[in-house]
Amino acid sequence: MRTMPTDTLTTDTLVSWHPEQVTAAVDGQVIVMGLIQGQYVGLDDIGSALWTLLEQPQTVGHVCDQLAQQYRGDPGVIASDVLAFLEELRAIDLIQALDADSSAS
Amino acid sequence: MPLPSLPAPTGHGEPDLTLSRGPVPHRLQAPVWSSHFVEIGADGAVLVRVPDVVGFLVRDGCKVILDEDCDAETSVIETFLFSTVAGAVLHRRGIFPLHASCVMVGDVAVALAGVSGRGKSTLAGIMSMHGHDVVSDDICPVAFQNGRAMIAPGPCRIRLWPDSATLLGLSHEALDVGRPNHPKRVLSARGTDGAPKPLGAVVRVAIDRRIETPILHRLSGPSAITPMEELVYRARLGRRLDRRVGLFQDLVRLAALVPIYQLIRPEGSFDPALLVDLVRSTANSAH
């Protein structure tokens, strides 16, 4: 799989944990430290659920669907929030966007 | 070299760290990292050099060399040995240095954590004056053994800013000097023996000028251990000594084993006994 670091994320983008990060949990909530920039992020319950989904490559749309099933909310709002959050995680190298075509082969 | 502030060792094994006088370079050749007083060499050696005061070289985390030309008083040597040098040794050995002063409450140790200036030493001084033995000041080396976090006792000397000494009702002039030309003074408190103490709670100390009464609450989730820099002694140095992941994992492990609280106290005058009661309550709830 090739990474696609520059494109803007869409619901079709395949995303997953960045290999250069360490994930741990405190009281059931996830905390992630990136090994490239050294930054870490503590996640709330919803963020932790999202993070768990990303252990295996998923499309952003699939992640949104999963969260919409777990947490009631407007699908459009969820998609918008998830995209914004994933962009933040990608900016600090905690997740990566993958080339969907090469992952399918 | 006498180190009168250290508790007497309780074990009978071989020493795992030697301190000796010897040649210490003024600067390291081609350091991979340097800050105001500290340099790290390509071989992992750490030089701690305060010009015209002291110089230490830490090798392999088990050998500390004090500059043979250093003529500083013992209390000055101890001040640096038990601060930056100890931090370098612990990071080099992969032992987690919690940035905290620590006191005994019953049969457990309670660590009073926080960056400099938040009042952890002041609070340790208050606890000491209310009868609690001091386990360490500023650095708590944490060892994880058999599912417990154990604190190795350090010097029972508490370094206080002048306003803290006043708050404790101590005459600033009557206290020892820890470091030349530095306003902090040293309170020699009653310490413990050298045996490791089980950690019962971590109390993160904060000051808030908007409140009038101290507040204690338990922290949970990632907020209990973030910002990590507030809980790790010389975190930047540790990261440079390849402890980035280890420090992260140790903090997560600590949070799993020990309750972590935040204690916020007013900035102005307050009843120290209130703080003492709140700190005591963290150890009681730990049982």
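The rules behind the values
- Residues numbered from 1 in each chain as written.
- Chains lettered and ligands numbered in written order.
- Predicted model: local features only at pLDDT ≥ 70, side-chain atom pairs only at ≥ 80, totals over all residues.
- Heavy atoms only, no water.
- Contact = heavy atoms within 4.5 Å.
- Buried area = accessible area lost by both parts, 1.4 Å probe.
- Polar contact = N/O pair within 3.5 Å; in protein donor to acceptor, adjacent residues only side chain to side chain.
- Helix = DSSP H or I, 4+ residues; strand = E, 2+ residues; numbered from the N terminus.
- Nonpolar A, V, L, I, M, F, W, Y, C, P; charged D, E, K, R; others polar.
- Phe/Tyr/Trp six-rings, centres within 6.5 Å; stacked < 30°, edge-to-face > 60°.
- Buried < 20%, exposed > 50% of the residue type's maximum accessible area, 1.4 Å probe, protein only.
- Lys NZ or Arg CZ within 6 Å of the ring centre and 35° of its normal.
- Core = buried A, V, L, I, M, F, W, Y, C linked by side-chain atoms within 4.5 Å.
- Arc of directions from axis to C-beta.
- Pairing = 2+ DSSP bridges.
- Domains from an automatic or database assignment.
- Salt bridge = Lys/Arg side-chain N within 4 Å of Asp/Glu carboxyl O.

### Structural notes on the interface of chain A and chain B
Contacts between the two partners involve 15 residues from chain A, matched on the other side by 14 residues from chain B. With both chains or domains summed, chain A and chain B bury close to 1200 Å², and 77% of this area falls on carbon and sulfur atoms. Considering only the side of chain A, the residues that lose the most area to chain B are A:Val26, A:Met33 and A:Tyr40, jointly responsible for 45% of the buried surface there. The tally of links between chain A and chain B comes to three residue pairs in polar contact (both at pLDDT 80 or more). Top element by residues in the side of chain A that touches chain B is strand 3 (residues 29-34) of chain A. It accounts for five residues. Considered class by class, the residues forming the side of chain A that touches chain B number eleven nonpolar, three polar and one charged.

### Section: the packing of aromatic side chains
Applying the stated rule across the entire model yields one aromatic pair over all chains. Between the aromatic rings of A:Trp17 and A:Trp51, the centroid separation amounts to 5.3 Å while the plane-to-plane angle is 15 degrees, which identifies the pairing as stacked. With A:Trp17 in strand 1 (residues 14-17) and A:Trp51 in helix 1 (residues 45-53), the pair connects residues that are 34 residues apart, well separated along the chain. A relative accessible area of 1% means that A:Trp51 is categorised as buried. A cation sits over an aromatic face here: B:Arg253 above B:Phe144, 4.4 Å from the ring centre.

### Focus on the nonpolar core
Soluble globular proteins tend to pack their nonpolar side chains together in the buried interior. Ranked by size, the top nonpolar core spans 35 residues in total, and within it B:Leu98, B:Leu199, B:Val202, B:Ile225 and B:Leu254 carry the most contacts. The set of elements that each furnish at least two residues to this core consists of strand 2 (21-26) and strand 3 of chain A together with strand 7 (96-105), strand 8 (108-113), strand 10 (139-145), strand 11 (148-151), strand 15 (197-207) and helix 5 (244-257) of chain B. Residue contacts for B:Leu98: discarding those within four places in its chain leaves B:Ala111, B:Asp138, B:Ile139, B:Cys140, B:Val142, B:Val202, B:Leu231, B:Tyr233 and B:Leu254.

### Some details on the side chain of B:His91
Within the element layout of this structure, B:His91 appears in helix 1 (residues 74-93). In contact with B:His91, not counting residues within four places along its chain, are B:Pro97, B:Val232, B:Tyr233, B:Arg234, B:Leu237, B:Gly238, B:Leu241, B:Arg243 and B:Leu247.

### Digging into helix 2 (residues 60-70) of chain A
For helix 2 of chain A, the complete set of buried residues consists of A:Val60, A:Gly61, A:Val63, A:Cys64 and A:Leu67. Down the axis of helix 2 of chain A, the buried set is contained in an arc of 160 degrees. They therefore lie on one face.

### A word on the pairing of strand 3 of chain A
All names here are of chain A. By the criterion of burial, strand 3 is predominantly enclosed, with five of the six residues buried. Two strands pair when backbone bridges link them, and strand 2 and strand 3 are joined in this way by six bridges, in the antiparallel orientation. Directly across from Val22, in strand 3, lies its bridge partner Met33. Hairpin connection, strand 2 to strand 3: the antiparallel pair is bridged by two residues, and Asp27 has positive phi, about 55 degrees. Sheet topology places strand 3 next to strand 4 (residues 40-42); three bridges connect them, and they run antiparallel. Residue pairing across strands places Val32 opposite Val41, the latter belonging to strand 4. Here strand 3 hands over to strand 4 after five residues, with Gly38 in that stretch at a positive phi of 75 degrees.

### Focus on the sheet that holds strand 5 (residues 58-59) of chain A
Residue and element names in this part refer to chain A. What the three strands build is an open sheet, ordered 5-1-6; its pairing is antiparallel. The two strands at the open ends of the sheet, each matched to only one other strand, are strand 5 and strand 6 (95-98). Bridge count for strand 1 against strand 5 is two bridges, and the pairing is antiparallel. Pairing of Val15 across the sheet is with Gln58, part of strand 5.

### Points about the environment of B:Gly55
Residue and element names in this part refer to chain B. For Gly55, the location among the structural elements is in strand 5 (residues 54-59). On the basis of relative accessible area, Gly55 is assigned to the buried category, the value being 0%. Residues Gly55 and Thr122 lie 67 residues apart in sequence; the distance between their C-alpha atoms is 28 Å.

### What to know about the domain arrangement of chain B
Residues and elements named next belong to chain B. The domain architecture assigned to chain B consists of domain 1 (18-94) and domain 2 (97-282). Just the C-alpha atoms count here: the centres of domain 1 and domain 2 sit 24 Å apart. Facing 23 residues of domain 1, the contacting portion of domain 2 comprises 21 residues. Taking both sides of the interface into account, the surface hidden between domain 1 and domain 2 amounts to around 1800 Å²; carbon and sulfur atoms contribute 69%. Counting every contact that joins domain 1 to domain 2 gives one salt bridge. Among the salt bridges present, the one from Arg157 reaches Glu78, with a minimum N-O distance of 3.9 Å. For the interface between domain 1 and domain 2, the tally reads seven residue pairs in polar contact (both at pLDDT 80 or more). Those elements that provide at least two residues to the side of domain 1 that touches domain 2 are strand 3 (38-40) and helix 1.

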